[in-house]
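# Structural characterization, general
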Amino acid sequence: LLSARPGTNAQLGICTDKSFVAHTHNGIEWSFGGWLIPLDDPFRAVMPAMVVVSPEHWIVALRRRDMTDSSRECWIDGVSTRDGGQTWSKPVLVGTTGHMNGNPPALACTGDGRVCCVYGERDTRRMLARYRDITNDDDDNDNDDDDNDDGGGGAWSEPQVLRDDFKSSDGMADLGYPRLVRRQSDGKLLAMYYWADAATPRQHIAWSSW
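Below is a summary of the structure that appears in this document. Because the structure is a prediction, the values reported are computed rather than measured.

Check the secondary structure of the protein and you find 1 helix and 16 strands. Taking all 210 residues of the protein together, the buried fraction comes to 42%. Put simply, 48% of the contacts in the protein that link residues at least 6 apart link residues at least 24 apart.

We now examine the environment of Val-115. With respect to the secondary-structure elements, Val-115 resides in strand β11 (residues 114-121). Sequence spacing of Val-115 and Val-53 is 62 residues, and the spatial spacing of their C-alpha atoms is 9.3 Å. With residues up to four places along the chain from it excluded, the contact list for Val-115 reads Val-51, Ile-59, Leu-107, Ala-108, Cys-109, Thr-110, Arg-130, Tyr-131, Arg-132, Ile-134 and Trp-156.

Turning next to the pattern of salt bridges. Pairing is possible between side chains of opposite charge, provided their charged atoms come close. Per the counting criterion, the structure on display carries 8 salt bridges. The shortest N-O distance in the salt bridge between Asp-165 and Arg-163 comes to 2.9 Å. On the accessibility criterion, Arg-163 (16% relative accessible area) is buried. A salt bridge links Arg-163 to Asp-197; the shortest N-O distance between them is 3.2 Å. A residue pair is termed long-range when its members are at least 10 positions apart, and Arg-163 in strand β13 (residues 160-163) and Asp-197 in the loop between β15 (189-195) and β16 (204-209) qualify at 34 residues.

So, on to the state of the cysteines. Inspection of the entire model under this criterion finds 0 disulfides. Between Cys-116, a cysteine without a disulfide, and Cys-117, which holds the nearest cysteine sulfur, the sulfur-to-sulfur distance is 7.0 Å. A residue is classified by how much of its surface remains accessible, and Cys-116, at 0% relative accessible area, is buried. On the accessibility criterion, Cys-117 (0% relative accessible area) is buried.

Let us now look at the environment of Pro-178. Here Pro-178 lies in strand β14 (residues 176-182). Pro-178 gets classed as buried once you look at its relative accessible area, which sits at 0%. Separated by 59 residues in the primary sequence, Pro-178 and Tyr-119 have C-alpha atoms spaced 6.3 Å apart. Here Pro-178 is in contact with Asn-103, Pro-104, Pro-105, Ala-106, Val-118, Tyr-119, Met-127, Met-192 and Tyr-193, once residues within four sequence places are set aside.

Pairing is antiparallel in the open sheet, where 3 strands are placed in the order β14-β15-β16. A single partner strand is all that each edge strand has here, and the edge strands are β14 and β16. Put simply, the sheet's adjacent strands are angled 20 degrees from each other on average, direction ignored. By the bridge criterion, 5 bridges tie β14 to β15 in an arrangement that is antiparallel.

We now examine the nonpolar core. In a soluble, globular protein the nonpolar side chains are often hidden away together inside. By size, the foremost hydrophobic cluster in this structure holds 18 residues, and its most contacted members are Cys-116, Val-118, Met-127, Leu-180 and Trp-195. For this core, the secondary structure elements donating two or more residues are β10 (106-109), β11, β12 (126-133) and β15. Take this core: its biggest share by element is 4 residues, from β15. With sequence-adjacent residues up to four places away left out, Cys-116 is seen in contact with Ala-106, Leu-107, Ala-108, Thr-110, Ala-129, Arg-130, Tyr-131, Trp-156, Leu-180, Leu-189 and Trp-210.

Once that is clear, we can look at unusual backbone geometry. Phi at Asn-101 takes a positive value of approximately 80 degrees, unusual for a residue other than glycine. Residue position: Asn-101 is located in the loop between β9 (92-98) and β10. Non-glycine residue Arg-125 carries a positive phi angle of around 55 degrees. Note that Arg-125 resides in the loop between β11 and β12.

Rules and cut-offs
Residues numbered from 1 in each chain as written. Predicted model: local features only at pLDDT ≥ 70, side-chain atom pairs only at ≥ 80, totals over all residues. Heavy atoms only, no water. Helix = DSSP H or I, 4+ residues; strand = E, 2+ residues; numbered from the N terminus. Buried < 20%, exposed > 50% of the residue type's maximum accessible area, 1.4 Å probe, protein only. Contact = heavy atoms within 4.5 Å. Salt bridge = Lys/Arg side-chain N within 4 Å of Asp/Glu carboxyl O. Disulfide = S-S within 2.5 Å. Pairing = 2+ DSSP bridges. Axes fitted to C-alpha atoms, helices over the stretch in contact; angles between N-to-C directions. Core = buried A, V, L, I, M, F, W, Y, C linked by side-chain atoms within 4.5 Å.

Below you can see the structure in the form of structure tokens.
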């Protein structure tokens, strides 16, 4: 998954500040596989994070922003494909990420039939985690009604607060940009992110495990 350079064509009503699928077998020759979000969707959709549930089923979270309205909160949407990236579900809201350009997501499977999304929320200066159940996804695959396709597995949970002690020396809410993995040794999730606190008020890489 890659993100295209920003561009607009008002006459055609498209915005190319979007993520797309690209295929390669050797890293030299590439082919275009399609957009995750339609080009007539007016909002930015970049920095995709993906988990592979099966070879054909992927779940992706996207960093989103209304580039024409700085007063609007940024957000994260989730989409999924069940045909290896040829077609994608309608976007589902994962959570809002505040102002100041929002924050990108990180995804990982939890090992118990769920997927976790971690991100920074700039307005409240917190690191948050949300979950969704993917154990019923096979049932969703049998539903041919696209209007009922919510990306698979139901809605995202209420947020779990990972950190809320942000304090930077310059006062800016420069935080987040997480990475997320599941440890093989004990099955716990480990998130790494950009942070500052009273003990270390200059930005640094911090981590949380649960």
